[in-house]
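Results of the structural survey
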Amino acid sequence: MTLIPILVLALGTFAFRFGGVLLRERITMPEHVRELLSTAAIVLLVALVATSSLAKGPSFAGWALPAGVLVGGVLAWRKAPFVVVVAAAAATAALLRLAGVA
Amino acid sequence: MRSIWRTLDAELWRGVLAIALAAAVNGASFGAISVAAGTPLWVPVVMSLLIFAGGSQYMAIGVVAAGGSPIAAVLGGLVLNARHLPFGLAVGDVIGRTWPARILGSHLLIDESVAFAMAQTDARRARAAYWACGASLFLAWNLGVFGGALAGQLVSDPEVLGLDAVFPAVMLALVLPALKDTGKLRPALIGAVIALAATPFLPAGVPVLLSLLGLLAVPRRNKVEAPA
């Protein structure tokens, strides 16, 4: 890994970020389009939750990881403080792995 | 800037700090793994400052360490980061109006800052949450990477600590309130199923982009607006 590929990846990533932000400001959008864009962001975030809970690369992540996420999710749903959600998710996954659950 | 500190309540700050701590440990692991793979110390450090997107950084280092070409590493990273474009479209008005704010704010656009902003109910809190989360994670991630690259093998595996569960759990906690709206829940669930089904077959990043097909399940506008 040399400087050139790092710079290309950095510039490309910034272009995605900046492009989206500028487009949003430049175009006046009707309400339903703005609503659709915020739905799009939620759809992407939920897909990230699903894939990062259940998969490591192309294969199944094992049970400890989704179990931790599930415990965190249930606590969040029951309006537990954020710190509790984070700690419980990590502790569940860590303890299950300690107990030999992949 | 100072208003950010006053706008956010203690609960939100504690949330930001909790995920910043997890990001610092993940960053330390990235720094240590990179150095262990034989990359010079400056590589993970410069990557984290300039790219600031953990998934694509792991991927790039992994591809090169496995003997892949830097071009493959860059292309894979770009596919993984393409989701930042629709994220920018969704939160672009939250960031601020001045050029320095737009440029700096764009660099701080990550999954977490978007999710934190979208979980807020009014525009002022959304802006404060976006900047607080983006800046805290930038600081934590980069300090973690630097420390990890220096410490090398001393850093323990984040998976042993269960820290890989923090990112999805935080994201889930932040999107839960939005999912009470069935107009968002249905497309999100369909999108998640599509992404999961595609994960074994397609390169990383593509399945998450494919989840946008779930938007086809958004209720038609004329139906929503039609008088009952």
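If you're wondering where the values come from, they're calculated on a predicted model, not measured in any experiment. (Residues numbered from 1 in each chain as written. Chains lettered and ligands numbered in written order. Predicted model: local features only at pLDDT ≥ 70, side-chain atom pairs only at ≥ 80, totals over all residues.)

**Let's talk about the overall build of chain A**
On a plain count of helices and strands, chain A comes out with four helices and two strands. Taken over the C-alpha trace, chain A has a radius of gyration of 19 Å; the compact-globule value for 102 residues is 13 Å, which it surpasses by more than 25%. Here chain A holds 102 residues, and the buried ones make up 50% of them. Restricting to contacts in chain A with at least 6 residues of sequence separation, those with at least 24 account for 43%. (Helix = DSSP H or I, 4+ residues; strand = E, 2+ residues; numbered from the N terminus. Rg over C-alpha atoms; globule rule 2.2 N^0.38 Å. Buried ≥ 20, exposed ≤ 12 C-beta atoms within 10 Å, placed from the backbone. Contact = placed C-beta atoms within 7 Å.)

**Considerations on the nonpolar core**
Core analysis: the biggest nonpolar cluster contains 108 residues, and Val86 and Ala89 of chain A together with Val166 of chain B have the highest contact counts within it. The residues that make up this core include at least three from each of domain 1 (1-55) and domain 2 (62-102) of chain A. Dropping the residues within four chain positions of it, valine 86 of chain A is found in contact with Ala18, Ile19, Ala22, Val166, Ala169 and Val170 of chain B. (Core = buried A, V, L, I, M, F, W, Y, C linked by C-beta atoms within 7 Å. Domains from an automatic or database assignment.)

**Considering the UniProt feature "transmembrane region" (unreviewed entry) in chain B**
All names here are of chain B. Sequence positions flagged by UniProt for "transmembrane region" (unreviewed entry) are, in local numbering, residues 12-38, 58-80, 128-154, 160-179 and 191-218. From the first C-alpha to the last, residues 160-179 spans 31 Å; its make-up is 50% helix and 0% strand. A helix fraction of 46% and a strand fraction of 0% characterise residues 191-218, whose end C-alpha atoms lie 11 Å from each other. (UniProt positions renumbered as here; feature names shortened; annotations may be inferred.)

**Topic: the UniProt feature "transmembrane region" (unreviewed entry) in chain A**
All names here are of chain A. Residues annotated by UniProt as "transmembrane region" (unreviewed entry) correspond here to residues 6-24, 36-54, 60-77 and 82-100. A helix fraction of 100% and a strand fraction of 0% characterise residues 36-54, whose end C-alpha atoms lie 27 Å from each other. Secondary structure within residues 60-77 divides into 78% helix and 6% strand; the distance between the first and last C-alpha atoms comes to 25 Å.

**Observations regarding the interface of chain B and chain A**
Between chain B and chain A, the contact holds 79 residues from the first and 60 residues from the second. Per element, the largest residue contribution to the side of chain B that touches chain A is 10 residues, and it comes from helix α6 (residues 84-95) of chain B. In terms of residue class, the side of chain B that touches chain A is built from 53 nonpolar, 17 polar and nine charged. (Nonpolar A, V, L, I, M, F, W, Y, C, P; charged D, E, K, R; others polar.)

**As for the confidence of the model for chain B**
In low-pLDDT segments, the atomic positions of the prediction should not be examined closely. All names here are of chain B. Across chain B, the average pLDDT comes to 89, with 93% of residues at or above 70. Note that residues 223-228 has pLDDT below 50 and, in this model, one contact with residues that lie over four places away or in other chains. Prediction confidence for the complex, expressed as pTM and ipTM, is 0.87 and 0.92 respectively. (pLDDT = per-residue confidence, 0-100.)

**Re the environment of proline 44 of chain B**
Residue and element names in this part refer to chain B. The residue proline 44 is located in helix α3 (residues 42-50) in this model. With 27 C-beta atoms packed within 10 Å, proline 44 lands in the buried category. Remark: the alpha-carbon pair of proline 44 and alanine 178, spanning 134 residues in sequence, is separated by 35 Å. Not counting residues up to four positions away in its chain, the partners in contact with proline 44 are Phe30, Gly31, Ser34, Thr39, Val145 and Ala149.

**A look at helix α10 (residues 166-175) of chain B**
Burial runs high along α10 of chain B: 10 of the 10 residues are buried. Buried positions along α10 of chain B lie against α2 (31-54), α3 (64-77) and α4 (82-98) of chain A together with α2 (10-36) and α8 (111-118) of chain B.

**Regarding unusual backbone geometry**
Despite not being glycine, lysine 79 of chain A shows a phi value in the positive range, around 65°. Along the chain, lysine 79 of chain A falls in the loop between α3 and α4. Of the residues examined, lysine 79 of chain A has 8 C-beta atoms within 10 Å and is grouped as exposed. Of note, the phi angle at phenylalanine 52 of chain B is positive, near 50°, even though the residue is not glycine. By secondary structure assignment, the location of phenylalanine 52 of chain B is in the loop between α3 and α4 (54-65).

**Quick word on the packing of α2 of chain B against α4 of chain B**
All names here are of chain B. Viewed as axis vectors pointing N to C, α2 and α4 meet at an angle of 15°, and their least axial separation amounts to 11 Å. Viewed along their axes, α2 and α4 adopt a mutual orientation that is roughly parallel. For the pair α2 and α4, the crossing hand works out as left-handed. Between α2 and α4, the residues in contact are Asn26, Phe30, Ile33 and Ser34 and Gly54, Gln57, Tyr58 and Ile61, respectively. Split by residue class, the contact of α2 with α4 holds four nonpolar, four polar and no charged. (Axes fitted to C-alpha atoms, helices over the stretch in contact; angles between N-to-C directions. Parallel < 35°, antiparallel > 145°, perpendicular 65-115°, else oblique. Left-handed = near helix turned anticlockwise from the far one by under 90°.)

**Quick notes on the environment of leucine 185 of chain B**
Residue placement: leucine 185 of chain B occurs in helix α11 (residues 182-198). Distance in space between the C-alpha atoms of leucine 185 of chain B and valine 218 of chain B is 9.3 Å, their sequence separation being 33 residues.

**Focus: the environment of phenylalanine 14 of chain A**
All names here are of chain A. Looking at the element boundaries, phenylalanine 14 is found in helix α1 (residues 3-26). Here phenylalanine 14 falls in the buried class, since 20 other C-beta atoms lie within 10 Å of it. A C-alpha to C-alpha distance of 30 Å links phenylalanine 14 and phenylalanine 82, two positions 68 residues apart in sequence.

**Side note on the confidence of the model for chain A**
Looking at chain A, the pLDDT average stands at 93 and 100% of residues meet or exceed 70. Mean pLDDT values over the elements of chain A span from 91, in strand β1 (residues 55-56) of chain A, up to 96, in α3 of chain A.

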